[in-house]
Amino acid sequence: IEARYGDFIVAPSFRTHFFQKLIAFKIGYLTLNQDPPQNSLDWDWLESLPIAEETESVRHVALEKPLEVLVDGRVGIAAILKPKV
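Residues numbered from 1 in each chain as written. Predicted model: local features only at pLDDT ≥ 70, side-chain atom pairs only at ≥ 80, totals over all residues. Heavy atoms only, no water.

Novice: What is the right way to look at the pattern of salt bridges in this model?
Specialist: When their charged atoms lie close together, side chains carrying opposite charge are able to pair. Counted according to the given criterion, the structure contains three salt bridges. Here Asp 42 and Lys 82 are joined by a salt bridge, their closest N and O atoms 2.6 Å apart. Here the residue Asp 42 occupies a position in the loop between strand E2 (31–32) and helix H2 (43–48), and Lys 82 occupies one in the segment after strand E6 (77–81), the gap between them amounting to 40 residues. Judged by its relative accessible area of 33%, Asp 42 is partly exposed. Here Glu 54 makes a salt bridge to Arg 59, at a shortest N to O gap of 2.8 Å. Taking relative accessible area as the criterion, Glu 54 reaches 44% and is therefore assigned partly exposed. Look at Arg 59 and you get partly exposed, because its relative accessible area is 40%. (Salt bridge = Lys/Arg side-chain N within 4 Å of Asp/Glu carboxyl O. Helix = DSSP H or I, 4+ residues; strand = E, 2+ residues; numbered from the N terminus. Buried < 20%, exposed > 50% of the residue type's maximum accessible area, 1.4 Å probe, protein only.)

Novice: What am I meant to see in a nonpolar patch on the surface here?
Specialist: Residues Ile 1, Leu 41, Trp 43, Leu 63, Leu 67, Val 69, Val 71 and Ile 80 make up a contiguous nonpolar surface patch of roughly 640 Å² in combined accessible area. Assignment of secondary structure puts Trp 43 in helix H2. (Patch = residues over 30% accessible without salt bridge, like charges linked within 9 Å, V, L, I, M, F, W, Y side chains within 5 Å. Areas by Shrake-Rupley, 256 points an atom, 1.4 Å probe, with all protein chains shown as cover.)

Novice: Got a minute to help me understand the pairing of strand E3 (residues 51–54) in this structure?
Specialist: Working note: regular strand, side chains alternate between the two faces of the sheet. In the sheet, E3 pairs with strand E4 (residues 59–61) via three bridges, with the strands oriented antiparallel. Within the sheet, the bridge partner assigned to Glu 54 lies in E4 and is Arg 59. Here E3 hands over to E4 after four residues, the two strands then running antiparallel side by side. (Pairing = 2+ DSSP bridges.)

The following block contains the structure:
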């Protein structure tokens, strides 16, 4: 997921080789730059997760249970479900 954070707006990656690799490895790609209700992200929950690694631009968090990700690329919608506690 590439997501807007405050005033930092992410420009989607449109390079051909980028999408070829996503397709080859069956990786879903989401860009969230619109404001709710079309797109929303639970930043408070994400920020509460244990940090595995962090740089200036990227935070890698650790989850005890996997997320469930549902993507319908034909109509451009997706949902990421948080694990049940």
